Amino acid sequence: MPRPAARPPEQACGLAWGVPFPPPVTLRNLASRPGNAPPTLILLTEQLSGSMSVALAAQLREGTKKAHTMAENTGFVSCFLKGVVDKLSYRRLVANLYFLYSAMEEEIGKLKDHPVVGPIAYDQLNRRAVLEEDMAYYFGADWRNQVQPTPGAQIYIDRIHQVASEAPELLVGHHYTRYIGDLSGGQILKNIAQKAMNLGDHDGLRFYEFDAIPDEKGFKVGYRQALDALPIDQATADRIVEEANQAFHLNMTMFQELEGNLVAAIGKVLFGFLTRRQRTGSTEAVAA
């Protein structure tokens, strides 16, 4: 009778400890391997401890590509990226963003000590103060008494408050979608808006300026590292990616509300011409 094949040492070790044979090495777990430790040892240790590092930054980037492209193909954004910007529609967008970021920063400010939200609660990213300057530019000194969020924006705002109350860790998906998207494409969008509406260097454009972040590329590297270091498991990572996709869809609803004013400003024929072809996602290449 032939002798049974000998088990590899690592398999024998796993069985001796009552732990299933570790999964094969993948790019995901290689990325999170500390130092030069052998992969089998690291994976076995992770199984014994009941936790495993997840490459959340890469999962967010890859997991939201489709939603990102869909958002860029809404009529309002598609026209914007082609340099067609209606000032009335744009200032309504600024108002919606003010209410949205106010809600986001209110909730994140309460969660600075939260183990998942706290590590990415960078004050340098905050937009509320600069949006107040833009609101004053577009609506005048009495802007607080003039504007309210649109229905779509209010749904988005309500979702921010709901998540903060019921599952704060999911705010990471909203944080990534909004702040890193703004930081990545900010200069591109600022230049388009400035030329389309014939604005000065800073007039009505402070939203796109991150004065507290002189090195945007370096900051995004640190942000990705912070995402990957969050104390979460794969199930939570999946929920965060799902929530990030939800954030993109909420953005789409908000953009679609603005299309009526834009069509009235430029006409149906031009609007149809500008939005006929689908884009592949122009700002994806610079996203975190």
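Visitor: Looking at this structure, I do not really get the overall build of the chain. What am I missing?
Guide: Looking only at helices and strands, one finds 14 helices and 0 strands in the chain. The buried share of the chain, reckoned over its 288 residues, is 48%. Contacts spanning at least 24 positions in sequence make up 81% of the contacts within the chain whose residues lie at least 6 apart. For the chain, the exposed area adds up to about 14600 Å²; of that, 54% sits on carbon and sulfur atoms.

Visitor: Help me understand the side chain of glutamate 105 in this model?
Guide: As for its position among the elements, glutamate 105 is in helix H7 (residues 87–110). Nearest to the buried, unbridged glutamate 105 among oppositely charged side chains is arginine 127, at 5.8 Å. At 3.2 Å, the side chain of glutamate 105 and the backbone nitrogen of arginine 128 are in polar contact. Here the side chain of glutamate 105 touches tyrosine 179 through a polar contact of 2.7 Å, side chain to side chain.

Visitor: What's the story with helix H9 (residues 151–166) in this structure? I'm lost.
Guide: In an α-helix there are 3.6 residues to a turn, and that puts residues three or four apart on one side. Taking 1.5 Å of rise per residue, 16 residues should cover 22 Å, and H9 covers 22 Å from first to last C-alpha, within 8% of that figure. Taken as a whole, H9 has its buried residues at Gly152, Ala153, Tyr156, Ile157, Ile160, Val163 and Ala164. For H9, the buried positions fall inside an angular range of 145° around the axis, keeping them on one side. What points out from H9, more than 90 degrees from its buried face, is the exposed set Pro151, Ile155, Ser165 and Glu166. The secondary structure elements touched by the buried residues of H9 are H7, helix H10 (171–196) and helix H12 (234–257).

Visitor: I tried to follow the packing of aromatic side chains on my own but got confused; where do I start?
Guide: The relative placement of two aromatic rings is captured by the distance of their centres and the angle of their planes. On inspection of all chains with the given rule, the structure shows 12 aromatic pairs. Ring centres of phenylalanine 76 and phenylalanine 255 lie 6.2 Å apart, and the angle between their planes is 15°; this geometry places the pair in the stacked category. Highlighted residues: phenylalanine 76 in helix H6 (residues 75–81) and phenylalanine 255 in helix H12, separated in sequence by 179 residues. Of the two residues, phenylalanine 76 and phenylalanine 255, neither departs from the other in class, the shared state being buried. Summarising the aromatic geometry, the rings of tyrosine 137 and tyrosine 138 are spaced 5.0 Å apart at their centres and angled 85° between planes, so their arrangement reads as edge-to-face. Since its relative accessible area comes to 8%, tyrosine 138 is described here as buried. When the ring centre of phenylalanine 210 is taken as origin, the NZ or CZ atom of arginine 127, which lies over that ring, is 3.7 Å away.

Visitor: Looking at this model, I keep getting lost on the packing of H10 against helix H11 (residues 216–228). Mind explaining?
Guide: Packed helix pairs are characterised by how far apart their axes lie and by the angle those axes make with each other. One way to put it is that H10 packs onto H11 with a least axis distance of 11 Å and a crossing angle of 165°. Judged by the angle between their axes, H10 and H11 are roughly antiparallel. For the pair H10 and H11, the sense of crossing is left-handed. Across the interface between the two elements, Val172, His175, Tyr176, Ile180, Leu183 and Ser184 of H10 pack against Glu216, Phe219, Lys220, Tyr223 and Leu227 of H11. A breakdown of the residues in the contact of H10 with H11 according to their chemical character gives 7 nonpolar, 2 polar and 2 charged.

Visitor: Hey, could you run me through the environment of glutamine 148 in this one?
Guide: Locating glutamine 148 in the fold gives a position in the loop between helix H8 (128–139) and H9. As for glutamine 148 and alanine 95, which are separated by 53 residues in sequence, their C-alpha atoms are 7.4 Å apart.

Visitor: Quick question: what am I supposed to make of the pattern of salt bridges here?
Guide: Pairing between side chains of opposite charge can happen when the charged atoms of each approach one another. Tallied over the full model, the rule gives 14 salt bridges. The salt bridge involving glutamate 107 is made with lysine 110; its shortest N-O contact spans 3.8 Å. Of this pair, glutamate 107 and lysine 110 are both found in helix H7, 3 residues apart, which corresponds to roughly one turn of the helix. We classify lysine 110 as exposed; its relative accessible area is 56%.

Visitor: What is the right way to look at the nonpolar core in this model?
Guide: One finds Leu56, Tyr90 and Leu227 to be the most contacted residues of the largest nonpolar core, which totals 76 residues. Take this core: its biggest share by element is 12 residues, from H7. Ignoring sequence-local partners within four residues, the contact set of tyrosine 90 consists of Phe80, Val85, Tyr138, Ala193, Met197, Gly204, Leu205 and Tyr208.

Visitor: Help me understand unusual backbone geometry, please; the structure alone is not making it clear to me.
Guide: A negative phi angle characterises most non-glycine residues, just as the trans form characterises most peptide bonds. A positive phi angle, close to 55°, is found at asparagine 198, a residue other than glycine. As for its placement among the helices and strands, asparagine 198 is situated in the loop between H10 and H11. On the basis of relative accessibility, which here comes to 71%, the residue asparagine 198 falls in the exposed class.

Visitor: Is there a simple way to explain the environment of aspartate 211 in this structure?
Guide: Within the secondary structure, aspartate 211 is located in the loop between H10 and H11. A residue is classified by how much of its surface remains accessible, and aspartate 211, at 58% relative accessible area, is exposed. For the pair aspartate 211 and leucine 125, spaced 86 residues apart in sequence, the C-alpha separation works out to 9.3 Å. A polar side-chain atom of aspartate 211 sits 3.2 Å from a polar atom in the side chain of arginine 206.

Basis of the calculations
Throughout this document, residue positions are counted from 1 along each chain, in the order its sequence is written. The predicted origin of the model limits local features to residues at a pLDDT of at least 70 and limits the giving and counting of side-chain atom pairs to 80 or more, whereas totals for whole chains, interfaces and linings rest on all residues. To get the side-chain values, take all heavy atoms of the structure and skip hydrogens and water. Each helix is a run of DSSP H or I of at least 4 residues and each strand a run of E of at least 2, with the numbering of both proceeding from the N terminus. Exposed residues in this analysis have more than 50% of their type's maximum accessible area, buried residues have under 20%, and partly exposed residues fall in between, with area computed by a 1.4 Å probe over protein chains only. Note on contacts: a residue pair qualifies if any of its non-hydrogen atoms lie within 4.5 Å across the two residues. Areas reported as accessible are Shrake-Rupley estimates using a 1.4 Å probe. Residue values count occlusion only from the protein chains shown. For the charge count, each Lys or Arg is scored as positive and each Asp or Glu as negative, with His and the chain ends excluded. Should a side-chain nitrogen of Lys or Arg be within 4 Å of a carboxyl oxygen of Asp or Glu, the pair is scored as a salt bridge. For the purposes of these results, a polar contact is taken to be a pair of N or O atoms within 3.5 Å, where, inside protein, one atom must be able to donate a hydrogen and its partner to accept one; residues adjacent in sequence count only when each atom of the pair is a side-chain atom. One less than the number of residues in a helix, times 1.5 Å, gives the span that helix is expected to have. Arc definition: directions from the helix axis to the C-beta atoms. When the centres of two rings from Phe, Tyr and Trp lie within 6.5 Å, Trp using its six-membered ring, the rings pair. Their planes under 30 degrees apart give stacked, over 60 give edge-to-face, and anything left gives tilted. Look at NZ for Lys and CZ for Arg. If either is within 6 Å of the ring centre and within 35 degrees of the ring normal, a charge sits over the ring. Note on definitions: angles span 0 to 180 degrees between N-to-C directions of axes, and those axes are lines fitted to C-alpha atoms, for helices only across the stretch in contact. Throughout, the term roughly parallel applies to angles under 35 degrees, roughly antiparallel to angles over 145, roughly perpendicular to angles from 65 to 115, and oblique to all others. Handedness of each helix crossing follows the sense of rotation of the near helix against the far helix: counterclockwise by less than a right angle gives left-handed, clockwise gives right-handed. Asp, Glu, Lys and Arg are counted as charged, while Ala, Val, Leu, Ile, Met, Phe, Trp, Tyr, Cys and Pro are counted as nonpolar; the rest, among them Gly, fall into the polar class. Remark: nonpolar core denotes a set of buried residues (Ala, Val, Leu, Ile, Met, Phe, Trp, Tyr, Cys) joined through side-chain atoms within 4.5 Å.

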